[in-house]
Structures are given as structure tokens and as C-alpha cells.
Amino acid sequence: MATREMTFKIGGEAGQGVESSGAGFAKAFARAGWHVFGTQDYYSRIRGGHNFYQIRVAETPLYSHVDSIDLLLALTQEAVDRHCDEVVPGGGVICEECLEVDCATLDKRDVSYFPIPLTDIAKEQGGAEVMRNTAALGAAAGLTGFPLEVMASVIEDNFRKKGTEAVQVNLRVAEAAYHWTQDKFGEGFDYELPRIEDAPRRMVMDGNQAIALGALLGGCKFVAGYPMTPATSVLQWMATHGDRYGVVVKHTEDEIAAMMMIIGAAHMGVRALAPTSGGGFSLMTEGLGLAGMTETPVVVVEAQRPGPATGLATRTEQGDLLFVLHASQGEFPRIILSPGTIEECFDAGWRAFNLAETYQCPVIILSDNFLANSVRTIEKDALDFSGVHIDRGQLLTEKDLDALEGEYLRYAYTKSGISPRALPGHPKAVYQATGNEHSPDGQLTEEREPRRLQMEKRLAKLECALTEMRGPVPYGPKKAETTLVGWGSTYGPLRETVDLLTEQGESANMLHIRDVWPFPADAVREALSDAQRTVMVEGNATGQMASLVEAHTGVNIDHHIRRYDGRPFSPQYIMARLEEV
Amino acid sequence: MATREMTFKIGGEAGQGVESSGAGFAKAFARAGWHVFGTQDYYSRIRGGHNFYQIRVAETPLYSHVDSIDLLLALTQEAVDRHCDEVVPGGGVICEECLEVDCATLDKRDVSYFPIPLTDIAKEQGGAEVMRNTAALGAAAGLTGFPLEVMASVIEDNFRKKGTEAVQVNLRVAEAAYHWTQDKFGEGFDYELPRIEDAPRRMVMDGNQAIALGALLGGCKFVAGYPMTPATSVLQWMATHGDRYGVVVKHTEDEIAAMMMIIGAAHMGVRALAPTSGGGFSLMTEGLGLAGMTETPVVVVEAQRPGPATGLATRTEQGDLLFVLHASQGEFPRIILSPGTIEECFDAGWRAFNLAETYQCPVIILSDNFLANSVRTIEKDALDFSGVHIDRGQLLTEKDLDALEGEYLRYAYTKSGISPRALPGHPKAVYQATGNEHSPDGQLTEEREPRRLQMEKRLAKLECALTEMRGPVPYGPKKAETTLVGWGSTYGPLRETVDLLTEQGESANMLHIRDVWPFPADAVREALSDAQRTVMVEGNATGQMASLVEAHTGVNIDHHIRRYDGRPFSPQYIMARLEEV
Amino acid sequence: MVEFQDYRSPVRPTWCKGCGDYGIWNALKFALSELDLAPHEVLMVSGIGCGSKTPDYTHVNGLHTLHGRSLPAATGARLANHGAEVICVHGDGDGYGMGLGHMMHAARRNLDITDVVQNNRVYGLTKGQYSPTSPEGFVSKTSPQGAIDRPVNPWALALAAGATFIGRGFPADLRHLVEVIKKAIQHRGYALVDVLQPCVSFNRAYAYDYYQPRVYKLEEESGYDPSDRAMAWERAHEWGDRIPMGILYQVEGEPTYEDQVPVLQEGPLVKQTFREWTENDFEALRSEFI
Amino acid sequence: MVEFQDYRSPVRPTWCKGCGDYGIWNALKFALSELDLAPHEVLMVSGIGCGSKTPDYTHVNGLHTLHGRSLPAATGARLANHGAEVICVHGDGDGYGMGLGHMMHAARRNLDITDVVQNNRVYGLTKGQYSPTSPEGFVSKTSPQGAIDRPVNPWALALAAGATFIGRGFPADLRHLVEVIKKAIQHRGYALVDVLQPCVSFNRAYAYDYYQPRVYKLEEESGYDPSDRAMAWERAHEWGDRIPMGILYQVEGEPTYEDQVPVLQEGPLVKQTFREWTENDFEALRSEFI
Ligand SMILES: Cc1ncc(C[n+]2csc(CCOP(=O)(O)OP(=O)(O)O)c2C)c(N)n1
Ligand SMILES: Cc1ncc(C[n+]2csc(CCOP(=O)(O)OP(=O)(O)O)c2C)c(N)n1
Ligand code: SF4
Ligand code: SF4
Ligand SMILES: [Mg+2]
Ligand SMILES: [Mg+2]
């Protein structure tokens, strides 16, 4: 076996099935025992533009994409023009013969050129022009000796819902392209991707799916949302699974309604979630404060994309941290989790509800497009399904309430700030919840002292919640000259950067902040206490996490690497920028 | 003349005219040559509850209310019960005979009790029961020897729109109560408030009026808003003055629409303003980002009240600073002014438009209920009307455009980040403005480089804008042991605290931060460089300004005095809290 | 038997003397108790405004939300627990202004929610600005020269939006209002009750004296058929010397939204226990990703 | 003379081949140029969605705003410069979903705005979720078991809200659509043009083949009188084998909002120079506070 690792890039227009074939291909590799990292890049339009899907495969676990590619599958001229340069020496380019390729340059760079009549092959097998993507996959499989039957199994799965005819044609197209390519170029390409025998079966999952799955297992029973990239698939995944698993999913008229609906549902006692992106979150701002004031345990998934306003609808950024932290008038506790891996997404999915119900406050899972829509292979037991547990905090049972003596005080003063909560519906616990300031019984008040005490009660919850915040995750040698600091989706690229630096004999480690608010200041300070030179890597222009770290730990961040062009960090990008700092 | 200073408190239910008589009385004092500070406290309801209006008068300028009162005008039992304790020795209590007053305690504390048949006096003069407030004012005037004809002039002004009959009855009631009281108690009260001869005529104005006036003079021609306490009177003042001065005022369906309307209007070239409070601002959040992205010069007045959610609708707080600073997804420049005095409000009103048009970004005037609705006397020339000027920044004229060669680039890259702006309507400058990322010509783009460059272009504007931010205002001795730091409406109470401390021989000064964003870090750092012990005084629970100061200047704030019970700071409150720190 | 008294709260209303909200408040308490609904079986959701304080003055589960947002909160509450009787109470600024979009969507979804709008044709709580139902020319603090927005017609809008029950009452005719509210509660589906609410502080011109001689009851009109959409459309526009009350429109048998959500057929969501996840479930879920 | 070509932009649309938005785009350009309106005299305001990209593809002043928010932006623009012809272009999710409240208020205000809604009965840009006009039972990514919200009826809602012009077109009948849009633009007041827009990617069931045999023109119906509200109400509900197009309703002579704002009688606000403040003005302003 010649290959230990390689990256494919499938590039074409929207509507050419780049995303679906990329996702299928990724799954096929996983089935053949390879580790996969797959990421997409597409335009906010339905047709045209230039999209690509990048799949990295290796024998060992992967955490990030890389900038260089080994095999380019170019479905359009633009794909050729944009990406040929990215192919490494020894790599190759697959495309239709009719596209213009600068063979001389490729040659000079030792990149092989594989012109293949993809459309013709598709048509010969009775397929439509769009099946050229299937042909391309077949060709790539042929070139790398990837087992055809594994590819076939994925094609079957993917096209099943379109009918047997669709399955059959696609299979024929893939097979024909496979053989055509193997016959013609079989020997001309140095990479080999056979089935890895005895590899365990692994899951291929993206961040949105992991959050949704975690939420589902964590007892989420109501989802209200309005589609918005990159959060839409949380809503859609829930819609697809709702009937089977007992989740009511409502596509609302807008995000204001989504927030209000989850407040209504959570108030009645149901675990409720609303997925959105920054624009939708803007509309939820007022409702967030209502949840804060009424101490209603709602969960919002905010998958960031580049703003302001519509910004870059289908790209990635980490620009909303301080916004979600301070959103809405006044001051009230909220909890913010910023998972960085599929595993952390899954955990965030169910933990959010436990935290929300325990601290009776809104919880925000802050993700981003890169995390939300990139897939990675994980071991079947990487997500500890049976470890999921439900903790509803101080929720009074019917029995508790039956036994209640005296008046029920929904907002009783307590040291922890947490007041035992009754769900509406019990005769002994008829109470008011209001967005106005209120006394312990929930009745509106405008007086000084109850106001002060309720403020202090609510804010006290943050102190308690802090004890449940997971500290930052270190990676790499314990002591190092350079410590890379990141949060959220930078985990993977940073981890691989540390590996690369270590390989190069440089001394580097990293710290990944995953639970953001209440800010685990002591843990972060402690973790950074040995750091010699800190470099904060984050996907925004103003250094939002850096400012939090500095403000809360007193640690000074020495250097900043910030990206705000809508694209995710890659280890190579970070390496290059590290040279500058 | 025995009095150099005194404080009245008129207390009663909503609907008893507490506010209107308070405001009238304040104006009367101003007309008689006294300096006045008037502040109100009322419940979010139309009738009942307990409201009061507090008027402090003195021969010298006033900047704050004080906690102690000299003469209580209690219209209800609750007013008696709540406020008798606040009356200082030597002071007095006016109320109906029928109310229960603990005369023994008053006596012990040397507080005079003046039972007066207010309702009977009103009825005897043919007035209705509600005119008991007029009677109370008359009585207070009688007790203090305040010139009746001045009081009469205000009554005439206030009731003129209700007709001559209303004027006449009220005049009779006031006069009757005046004489009744003077006859019965004339000698029994040590305070005297005669007309101050040769005093200049002064204006009595609140923060909202000053902002509105500044905006009007500054060329504001469009106001869109939705009523929300404490910002409503900006909208209403503009509605009343619009027809006369050429301002179109639209009461919208909600705050989302208000924000979108000012964006539409400002885009077409008109100076446009939207007044609101935190709840409405929450709804404007998404639109704020659109203004940021399209570089549309809009101005928002955010008059804070205690949150979260509805909170305390009619009270004060400074809890929205970090919210307005970070509101909306993504990162874009905004300018925040936080005036603290009537004069600063006026300046903010017109400066906001110059800043908005110069830097082509949203400008927020962040005020609060205390500032918005408290009145103060200011000299006639305190507001430099003729100093107001209009600077539209790099706005291309018709002539510029006629002469334009080549394509007009609305979002041209420039070093300052400011791109010359054309208003839609010229044949040579037909362009797109979009909330999507765009290239210099305004066309939507999703590419890396233009994205990066536009981000940098937009954010660059903040650096330029920083040069126009007014530094913090010091008060008191240059060197002092204690430096009080505040922002916005704390100016007055802090200033008087410094005076009190100085009187007591303590060494204290203060620093008032008025332009908040871009944060004038150098100026603040410089101003604090001599400070020995800093005490930040702000009206919130989490120390929002303190965190900004620390983050941006590196200066450490030693102590914090925070208030979040919905009530404004008074010098006495600060003094008491200073003892604790 | 539930009694009117069961809804009595120790908290006293702060409404002005003579405010129509008192009557609406009493009508709600009568209607609920006469339908034998106990306070703990009801959720009263309100927005922000004078009238939106109704739950605060009532011994009932209350959810006092944000200005204009009661309907989506009620929708979430209802989907989470359709065993509870969900009633919205809010003003005209709240419901027909800021919240109009939500109302249109709630109506077409036909959730089983009763929506009582205290229509005083003015903003009460913020002290007298014109509202979406204020007549043209209405002089107020935000329309000092008279309003130039043509008023909304809540009945016509509800009808166009697909509301399955549309009614109106007037608190001065308390018994009639109680009956209309009762029918609205009993109706399966979205039910709007527009209430002509006198505001004695900021809208004296359209208070008791104005409505008293003008209102009449549709049920007393011979030939009026509330299931006839065309008739309803016509009457929805009647406003002047005669102002109709009662049931403008009612269509029965339309399925509610809740009826059509498969998951809810198992009973109220909040009563459904958390799923006991089995190894089979895990396997099924995992296998999707393999 | 303004030509169609004057509206040509170098930017090419990214819509799918066969998308109805092409026709609507062309119809707009024809209508505007045939009315002799030059690109700089027009402001095209859009929301977010496939169709909302129309201004980006057109040589015209464009304001591409936020999802659901084009109408209030257009309102502000129009009040600031009523010399400009203000046209809104946006999708059904945008206009009849998120933005429905704004539409109801814009209609009752009767600002002189033309509101073209690209009604493809689906969310295009976010790739196929059901929209407010999707029929019951519509299977989509957010309604995998079929939608259970009953669809909005934009015509009925516009009528109930007080729109003074209500029309419909179909891009496959381009000339007719052009004429409807032209009449909408010429109409003084709020004018809704609902366009049956085929989305060939996410809603093939309701595309050309569906509409072609069903659409008919109201102007060809003998006896149809677009000034008759009752007739309009009836036809607004016709949807099935026959789907009406053309002008459902038009009432002329209603004053626009702009007509009634005293300040605007001096001409467009943006053309009114800043007031030269005099000492008298200052005195008048100061004296209020003395
Ligand atoms: C987002 C927001 N904007 C504004 C307000 C201020 N506000 C409170 S009640 C109200 C209007 C009340 O009118 P209506 O809904 O008719 O109720 P009423 O007081 O007349 O019963 C307004 C504007 C608010 N609470 N929230
Ligand atoms: C506040 C907000 N929520 C969600 C979105 C995502 N979004 C963009 S377009 C769209 C729906 C498009 O549907 P429609 O308005 O019918 O336009 P079409 O694409 O069909 O032309 C959505 C949900 C957004 N841009 N903003
Ligand atoms: S202001 Fe009007 S609506 Fe509010 S309580 Fe008073 S009478 Fe009722
Ligand atoms: S997805 Fe539909 S609406 Fe969007 S461009 Fe394609 S055909 Fe047109
Ligand atoms: Mg009202
Ligand atoms: Mg659509």
C-alpha cells in the first residue's frame, strides 16, 4: 500500500452534485476502513458558482482538512483554473477531455493529467449529464484501486429513495468509469486506497448532526426554527427524526417566533431547542432576555457565519462570540458552550439541556459553519450514547407539589440562586412568570429591594454554573515554547499544527477552550501559567476570545492569528502565519 | 433670605398629576431665578401606585438630586408613610388633614407638620378633586413666600391648551391655598424662596429634549420610532415639532420597522433617527448590522432602563453598554456616545449625525431614564445653538458626480476606510447596496480577498473616528487620593460627591467618560495616570464600563460602586457606599 | 365545580377606574369558571400593555411575555402541553400592531388557542399614542396632527388569514362578552375575540358613550349565518352607526394544528416520559452515519 | 426614451435555468423602461432569497436588505425621497412569511410602493423548505410528512389589509406580467403584484405545467369589476382548476401616505435643504423651555 494519506477535491458548479458526491465518497472511504475528514465550500446560490468538496483520507485519525490536494476531480473549467495549482507533485487531475488544462505546467510540477470522457461514459450507460459526478467518483476509485463494491454500497444507499432505476444507472456509470480509468491510467498513479482489512466500522458525522443527536438523546422534545445556513440541517435532521422519536418540530414564521415558541414550550416543561445563525439570533435577542428574566431553560444553537448582516451566507467565521455573550438589554445569566469537535458537539447537545434546566437559564451552543458542516470519521463508541443522562435540576415532581405546604414561590431567594421549579399545571403551584421584575411569588414588582435581590439571585447562578464548566483541553507536550490558543472549530486545525510543528522539531502545544461562559478563568489561567509565548488563533477580525482571556485571566496574549475571509483555518494556513508572528 | 437650597418632594398616585405639577413647579422656580434639578420616579401603570417628583432648588447650579427633602407635599397616605422619614430637621410636611401622620416623631425630629384642606380649598374655588395638586403647590408657595405671580404664569402656560376656564380655576385654587397657608403657617417655616432679582432667564430641560433639540438643529429630517419608556418623549417631541421644522416623523409598527425605515431614509440621503430603549434596541439588532454592512449613517437613541426583558419599565439603569457595543452578528464599526449632562445630550444630538455621515456607520446615543427624564436649569447660552454645524463627510455633490469619470465605486478601498458616498438618484452613480459582502462597486461577492479587504476597510474607520472622540471630563482637584470614575448619567451625582468630599476636607476628584466607542483609551489612561485609588461608579451589576476601562487602558479599577435596583445614584448614596469600600 | 372566586388573586388591578379591562378580566374569569376549568388547567399568555397585566391580577398560570409576542409563546406552550387551555390576552397595539404577523400565522395554523384582544384603539400603558385601530385623524402624542395611517380591520384580517372563529364583545355587556369568550374557548381552533375596550384615560372619544348606542348582536340579526364567509366579509366591514358584536364567523370541524402532529397523538408532550433509549435505538441511530 | 437595455447589468444571474425569476426580472425591466423611468430614478428594494437578488442583476439603484424587511426599508426610502420610484421585489417566504406583518401595515398606509412578490411557494435559496404559500401536505425538508399549516392567501390578506391595488401575473405570460407591473407602478398607492413563480429546483409540482392550463385573466372575464370589493373577495379565493391573474382589485383616488404628510408637500425631503436656523428660530425653541 503506497498511500498513508491523501486529499481529494471535487470541484464544480452548484447543481452538479458536488456536495452529494463528496459526502458519498467520504462515506465510502469510511466504509473501506479509512479515516476521513470532509469539508465543503459553496456559494449562496442554487446553480452556478464554484463549489468544492474536499475529502482527506488516512489510516490514522484526522482532525482537519489540509490545503494541498492529491487528486483533483474538476467538473468545470473553473475548477481546473482554480485548483490545479493546489495539486502536489505526484498528484493528479481528473477532468473531461474538453476542458483546457495547462499540461506543460502540470508536467513540470510532476502532476499527472487524466482526461476522462465523464459525460460520455455517463450517457453511454443511459445516464443523464449530471451523472458525470458519479463517473468522476468511479474514475477516482479506479485510479486509486479503491474497492468498487464499497463505492457501490454507498451509491445504493444514496439513490435508494430515488428508485431502483436511479440506483442501477448510477452503479453502471460508476463501474464503467472505474474500469475505463483503470484500463487507461491504472498504472499511472502512485496512490493506492484499498480496503483496510479489519478496520472497525466508523461513523461519518458533521457537527450539526452531532448536536442534533446529542439533543435528541438528551431528551429534546420540541424544536422550533427557521431555516438559516449553516444551522438549517439541525432543524431538518430533527424534522426527519421527530415522528419516530417523539420530537415536535415547528418551522416557524421567523426567529422571533422560534425563540418565543421554545420559551412557551420550555415553560410548560418540555426540553426545547432552536437552531439558527447570527441573523436569526439577532431576532431572538429580545426573547433571550425574556428567558433570562423568567428563568426559562431554553437551548439555542447558534452556528456562526461571517457577518455583519447577510455577510457570506455559506462561509465560516467566529465573529459572534461577544454578541451572544452580551445580547439583550440588561444583565442575566446565560451559559455558552463552544464545542470544537464532533464529540464535543454531541456532548453539548445533551449537556445544554441539563445546564439549562439546572441553572434555569438560556444556554447557547455556539458553533460555526466549518464545524457544523464538516464531516469526520469517529469510532462507533466515540459518542458515549449510554453515558448521556438527564438532569432536570431542581424540578419539583407532582409528589413534591402534592406535599407542598404554604405558598409556592417560583422565584424564591436561595443562596445558589436556583429556585425550585414547578411546571404549570398543578393546583398548588399556580404562578405568574413575567418579563417584568417580580417578587419571589412571581408577581410583578417595581420596588427596590426585591429588584436588587432578584438580580443577585439570578446572577448568583453563574457562580454555581462555573463549577460545571469544562476546562480547556490541552494538546501536545506539557511544556513548550509556543502555545497556540483557540476555541470552537479551530480545535482540529490547531491540533494538526501542533503535530506538524512537533514533527519539525519545534516546541509547541495548544489549548482549546470549549466551555466559554461562565468563563472558566481559573482553569484557563492555570493551563496557561506555563506558557512561554501565546498565540491566539481565531476566526474573526477583532480577537474576541483573546479579549475574554485577557480580561478574565490577566494572561497576556502575545500574538494573534485572525482570519475573517470566510474560510476555515487549515494547519498550513496557521503554519504560514506563525512564521510572520 | 434664609434659604440657599431646598428640596421639595411631591408624592401621590399616578393620575393625581404628580408629574405635571412637579414639572410646572420646577419651571416656576426657574422663572423666579432659582437653579433647579427635578427628577421623577413613577410606576409603570396609569393609575395608582406611588409616584413622586422631586425638585431641588438653589442659588447656585445644581447637577443632581439629593436624598434628603425639606418640604414634602404628600397627596396620599402612602406618600406620607414612605417619605416623612426623609424630611430633614427644620423641614416640613404638607398634607390633607385627614391623612394619618405620626406627629410625635416629626416633632422629635423638628419637622413641622402642615395639615391643609387641599381638596376643600380646590372645591371651594369650583375646582375638581384632582386640583388638590394645584392647591398643594399654592400651599408650598405660600409657606416659602414664593412669588404667586410667577406660579400663576406657569399655571397659565400649562393649562392654556385646556381652555381659559381651566386656567382660571387653577389660578384661583393656587391663590386660595397660597393665602390660606400663608395666613395659617406663614411664620412657622424657616425657608424662604423669593424671586431672585436680576437672575438671568434660564431654560429647564431634560436629556431627551436636549437630544431631540440637538438632532433637530443638526439637520435630522426623519424620525421613525415606536414608543418605549424612557425614550418616548424624543419621538413625541419630534412629532410635535416636525411639521413646523420640516421633520417627517413616523410611528412605526415595531422597532424592526423603525430601524429599517431609518436605513431606507438615510440611504436616500436624509438624516434619520430612531429613539428607543433596550427592548426596542433588541429588535433593531439585525438592522444595525445591515447599517454596518451597507455603511448607512443612521442614528439610534437608546435610553436605558433596567432589564432584562420588560424589567422595570419606568426606572433607570446603565445595563446595556456591552449589549449595544456588541449587538448584531459579525464585526463592524459603530460609534457610541454616552452623554451625561443636558449640554452633552444636546451636543450628542447633532454630533451623532456628523459622525454617522463622516464615518458612514451607525451611531448610538446611549442615555438612560435618569438622564432622559430629569430636568435641570441651564443658562440660555449653555447650548451653543449657533455652534451646531453640519458635516456630511465625503458626500459627493451633484456637481462632483456630473464630473465623474469612470465607474462610481460606492465601497472603494481607501486608507481611511471611508469611501466617497453618492446618494441614489444620479445617472452616473447607479449602484447596489447590499447586506451581503460586496466588492467596491457594491456587487455581491463571496470571494476571499474582497471580503478581507472590505472587512479591513470598514474596521479602519474606527481608527479615524477615534480622533474625533471627546476625551473624558475631569472634575475636582488635579491630584487626589480618590478618583471616582463614571459615565453617562452619573456625571451630576459624582460631581456633587466630589464637592461634598472636598467640603469635608477629603481629597477626591472624578473622571467622566462621555464618548464610549471607539474607546478613547489613550485619553482615559492619561487621565487616570495620576489616580491613586480609583472607584468606578456605575448603574449596573456587572461593572460593564469598568471592564472596558481595564481592558483598553490596562488601568486597574480598585473599587466598584454599582447600583441595580432601578434607582439613580445620589451624592448621598455614593458617599455612604464610599465608606464601605 | 370551579367557582369564579377560584380565579381571585390577592393582587389588585392598577387599571384606571372605569377601564374596560376590568370587564374583560371579569368576563374571562366567568367564562373559565363557568366552563369548569380550574386555574391550574389554564395558561394565560399576555404581551405588554395595560391589558396584558390581566394574568398578574388573576389566580391562574400566567406567562406575561414581550410586546407583540404572546401568540408564538402560546403556540409553543400549546404544542408542549395541549392538555392545557391556552388563552392569549393582549392589547391592540400588541396584537394588531407589533404582533400582527404572528396573528396571521397563528390563525392559519389553527392551533386551539383563544385570543382575546383588548382593543381600546390607543396605547394605554405608554400613555396615549395612536394604535393600529385608531381611526384616521386620531389626535395623539405621536399623531399631533391626526393619524394618517388607515386603521386595520381585525375582523377582516382574521377572516382572510383563515381564522376558524371570529367574535367580538363589549365589556359593558358583560354577559354577552362572557358567552362569546366561552364559545371561543369551546371552539376547536384559533379563536379571535376582539373586545371594544373603553380606555377612559387616553381615548374617551371611543369609550362607553360611543359604543353603547352603536353595538348590536349578530345573533339577533335574522338571517345572519356565521358559517357564511361572504356574509362574514360584508359584516366585517360594518363600522359606524352600527357595530356588530357576537360571532362573526365560525367554521367547525377544521382540524387543529395539534390534531395533525403525529407525535401529539400520544398525549401532551410534557406528559410523555423521556424515551428509554435501547441498544436497538442506538444501533439504528448510529447506522445512519455508517 | 429609456430602453430595456438601460437596465442591463454586466452581472449575470445565478438563478437555475428555467427559474421563473428570469421572467420576472425581464418583466420589471420592460415595465420600467416602457414607463420611461430611468435606472437612476428607481430604487429597487429587496429582502433575502433567490428572487431578492434581482436588483443585483439589474442596472438600477438597489437596496438588498434583510430577510422579510424590504417594505419598511422601502417606506423609509420613499418618505425620504418620494421623487424616486420605489419597487420591492422579494420571495414568498420573505414577503408572506417573515415580512407579513410589514406588508399588512404597508398596505393600510398606502404608501406609493410597488410590491412584487416572487411566489414560488417554497424557500429557494435555503434549498427547499415549505413556505407560507406551500399547499397543505407539501413535502419538504422541514415538512417531511407534509405541511400541516394551511397556506396564506396573499390576495385575501392584501384586500383585508386595505391594499388599493392587487394583481397577479405569471412569467410565462411575459407581456401580461409586464402590463400588470406597469399598472401597479402607475397606481398611486400600495400595489401588490403576486407572481406565480416556477421554481424548477425545489417545487417542480407547482411550476409551468401546473399553472399553464389553470391561469386565466380577470380582465377577460365579462362582468368582472376590479373596483368591487365583494367580487374581489370572492375571486381572491379562487384557486384550483382555475387561477385568476390580472388586476383583482384597484381603487383609485385614495390619498397616498406621502400625500398626507404636510412636510412632504414642499417636495422630496432629500431635496429640501437644511434649514437655515435664524435667531428667531432659536428664540422660539428656547422659549419653550423657559
Ligand atoms: C419592544 C417593545 N417596544 C415598546 C414597548 C413599550 N410599550 C409597552 S406597552 C406598549 C403599547 C401598549 O398598547 P396596547 O398594546 O394597545 O395595550 P394597552 O396598554 O392599550 O392595553 C408599548 C409601546 C415594549 N414594552 N416593548
Ligand atoms: C433572519 C434570517 N433568517 C433566515 C435566513 C435564511 N434565508 C435566506 S433566504 C430564505 C428563504 C427564501 O425563501 P423565499 O423568501 O421564498 O425566497 P426564494 O429563495 O424562494 O426566492 C431564508 C430562510 C436569513 N437570511 N435571515
Ligand atoms: S390607560 Fe386606558 S387602558 Fe390603561 S388602565 Fe387606564 S383606562 Fe385602562
Ligand atoms: S432554486 Fe428555485 S427560485 Fe431559486 S434560482 Fe433555482 S429555480 Fe429559481
Ligand atoms: Mg391598546
Ligand atoms: Mg420562495
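No experiment lies behind these values; they were computed from the predicted model shown.

(A) Fine view of the domain arrangement of chain A. Residues and elements named next belong to chain A. Examined at the domain level, chain A breaks down into domain 1 (5-199), domain 2 (205-387) and domain 3 (473-580). Taken residue by residue, the interface counts 8 residues in domain 1 and 12 residues in domain 3. For the pair domain 1 and domain 3, the two sides together bury roughly 770 Å², of which 48% comes from carbon and sulfur. Counting the surface domain 1 buries against domain 3, the share from its top three residues, Y63, H65 and D67, is 59%. As a salt-bridge pair, R567 and D41 come within 4.0 Å of each other at their nearest N and O atoms. Viewed at the interface, domain 3 and domain 1 are joined by 5 residue pairs in polar contact (both at pLDDT 80 or more).

(B) Here's a closer look at the packing of helix 5 (residues 132-144) of chain B against helix 7 (residues 164-185) of chain B. All names here are of chain B. Where helix 5 contacts helix 7, the axes come no closer than 7 Å and their chain directions differ by 40°. If you check the angle between helix 5 and helix 7, you find them oblique. In the crossing of helix 5 with helix 7, the sense of the turn from one axis to the other is right-handed. Across the interface between the two elements, T134, A135, G138, A139, A141, G142 and L143 from helix 5 touch N170, V173, A174, A177, Y178, T181, Q182 and F185 from helix 7. For the contact of helix 5 with helix 7, the residue count by class is 9 nonpolar, 6 polar and no charged.

(C) A look at the coordination of the magnesium ion (ligand 5). All names here are of chain C. For the magnesium ion (ligand 5), the protein coordination sphere consists of D92 (OD), N120 (OD1) and V122 (O), at 2.0 to 2.2 Å. In the primary structure, the donors to the magnesium ion (ligand 5) are separated according to the pattern D-x27-N-x1-V. With D92 in helix 3 (residues 92-98) and N120 in the loop between strand 4 (113-119) and helix 5 (154-161), the pair connects residues that are 28 residues apart, well separated along the chain. In terms of burial, D92 and N120 fall into one category: buried.

(D) Local environment of the coordination of the magnesium ion (ligand 6). Residue and element names in this part refer to chain D. At 2.0 to 2.2 Å from the magnesium ion (ligand 6) lie its protein donor atoms, namely D92 (OD), N120 (OD1) and V122 (O). Sequence positions of the donors to the magnesium ion (ligand 6) reduce to the motif D-x27-N-x1-V. Taken together, the residues span a long stretch of sequence, with D92 in helix 3 (residues 92-98) and V122 in strand 5 (residues 122-123) at a distance of 30 residues. In this structure D92 comes out as buried when scored by relative accessible area, which is 2%.

(E) The sheet that holds strand 5 (residues 87-95) of chain A, seen in detail. All names here are of chain A. One open sheet accounts for 8 strands, arranged 6-5-4-1-3-2-14-7; its pairing is mixed. If you trace the sheet from one side to the other, it starts and ends with strand 6 (112-115) and strand 7 (202-206), each paired once. Averaged over all neighbouring strand pairs, the angle between strand axes comes to 20°, with direction disregarded. Across 7 bridges, the pairing between strand 2 (residues 35-41) and strand 3 (residues 48-58) is antiparallel. For G38, the partnering residue across the bridge sits in strand 3 and is I55.

(F) Quick look at the pairing of strand 3 (residues 85-91) of chain D. All names here are of chain D. In terms of burial, strand 3 is a largely internal element, 7 of the 7 residues being buried. Note: strand 1 (residues 42-46) against strand 3, 5 bridges, orientation parallel. Along strand 3, the bridge assignment pairs S46 with V89. Relative to strand 4 (residues 113-119), strand 3 is paired through 6 bridges, and the arrangement is parallel. Its bridge partner being in strand 4, V89 is matched across the sheet by V116.

(G) Seen up close, the nonpolar core. Counting residues in each nonpolar core, the largest one holds 229 residues, and the members touching the most others are F222 and M545 of chain A together with F222 and M545 of chain B. Residues A32, V169, Y191 and V204 of chain B belong to the second largest nonpolar core, which totals 54 residues.

(H) Highlighting the interface of chain B and chain C. Counting residues at the interface gives 23 residues for chain B and 27 residues for chain C. Roughly 1900 Å² is buried in total at the junction of chain B and chain C, and carbon and sulfur atoms are behind 57% of that figure. Our count for the contact surface shared by chain B and chain C stands at 1 salt bridge. K250 of chain B is the partner of D149 of chain C in a salt bridge, and the nearest nitrogen-oxygen pair spans 3.0 Å. Applying the counting rule to chain B against chain C returns 10 residue pairs in polar contact (both at pLDDT 80 or more).

(I) Local environment of the packing of aromatic side chains. Following the criterion strictly, the structure yields 58 aromatic pairs over all chains and no others. Sitting above the plane of the Y573 of chain A ring, R563 of chain A keeps its charged end 3.9 Å from the centroid.

(J) Spatial organisation of the site of ligand 2. Residues in close proximity to ligand 2 total 21 residues, the closest being E255 of chain A together with C50, D92, G93 and D94 of chain D. Chains contributing residues to the immediate surroundings of ligand 2 are chains A, B and D. Between C50 of chain D and ligand 2, the recorded distance is 2.8 Å, taken from a backbone N or O atom to an oxygen atom. N120 of chain D has a polar side-chain atom sitting 2.9 Å from an oxygen atom of ligand 2. Surface burial for ligand 2 is 98%, taken as the share of its 590 Å² of free accessible area covered by protein chains. For the shell around ligand 2, the elements supplying multiple residues, two or more each, are helix 3 and strand 5 of chain D. Of all the elements, helix 3 of chain D adds the most residues to the shell around ligand 2, at 3 residues. Looking at the shell around ligand 2, its residues break down into 9 nonpolar, 8 polar and 4 charged.

(K) Geometry of the interface of chain B and chain A. Contacts between the two partners involve 59 residues from chain B and, on the opposite side, 59 residues from chain A. Across the interface of chain B and chain A, roughly 4700 Å² is buried in total on both sides, 54% from carbon and sulfur atoms. Our count for the contact surface shared by chain B and chain A stands at 6 salt bridges. Its salt-bridge partner being E317 of chain B, residue R451 of chain A comes within 2.6 Å of it at the nearest N-O pair. Remark: the boundary between chain B and chain A carries 34 residue pairs in polar contact (both at pLDDT 80 or more). Those elements giving two or more residues to the side of chain B that touches chain A turn out to be helix 11 (278-294), helix 12 (321-326) and helix 16 (448-466) of chain B. Looking at the side of chain B that touches chain A element by element, the count peaks at 9 residues for helix 11 of chain B. A breakdown of the residues in the side of chain B that touches chain A according to their chemical character gives 18 nonpolar, 23 polar and 18 charged.

Rules of the game
Residues numbered from 1 in each chain as written. Chains lettered and ligands numbered in written order. Predicted model: local features only at pLDDT ≥ 70, side-chain atom pairs only at ≥ 80, totals over all residues. Heavy atoms only, no water. Domains from an automatic or database assignment. Contact = heavy atoms within 4.5 Å. Buried area = accessible area lost by both parts, 1.4 Å probe. Salt bridge = Lys/Arg side-chain N within 4 Å of Asp/Glu carboxyl O. Polar contact = N/O pair within 3.5 Å; in protein donor to acceptor, adjacent residues only side chain to side chain. Axes fitted to C-alpha atoms, helices over the stretch in contact; angles between N-to-C directions. Helix = DSSP H or I, 4+ residues; strand = E, 2+ residues; numbered from the N terminus. Parallel < 35°, antiparallel > 145°, perpendicular 65-115°, else oblique. Left-handed = near helix turned anticlockwise from the far one by under 90°. Nonpolar A, V, L, I, M, F, W, Y, C, P; charged D, E, K, R; others polar. Donors = N, O, S within 2.8 Å, 3.2 Å for Na, K, Ca; no water. Buried < 20%, exposed > 50% of the residue type's maximum accessible area, 1.4 Å probe, protein only. Pairing = 2+ DSSP bridges. Core = buried A, V, L, I, M, F, W, Y, C linked by side-chain atoms within 4.5 Å. Phe/Tyr/Trp six-rings, centres within 6.5 Å; stacked < 30°, edge-to-face > 60°. Lys NZ or Arg CZ within 6 Å of the ring centre and 35° of its normal. Near = heavy atom within 4 Å. Areas by Shrake-Rupley, 256 points an atom, 1.4 Å probe, with all protein chains shown as cover.

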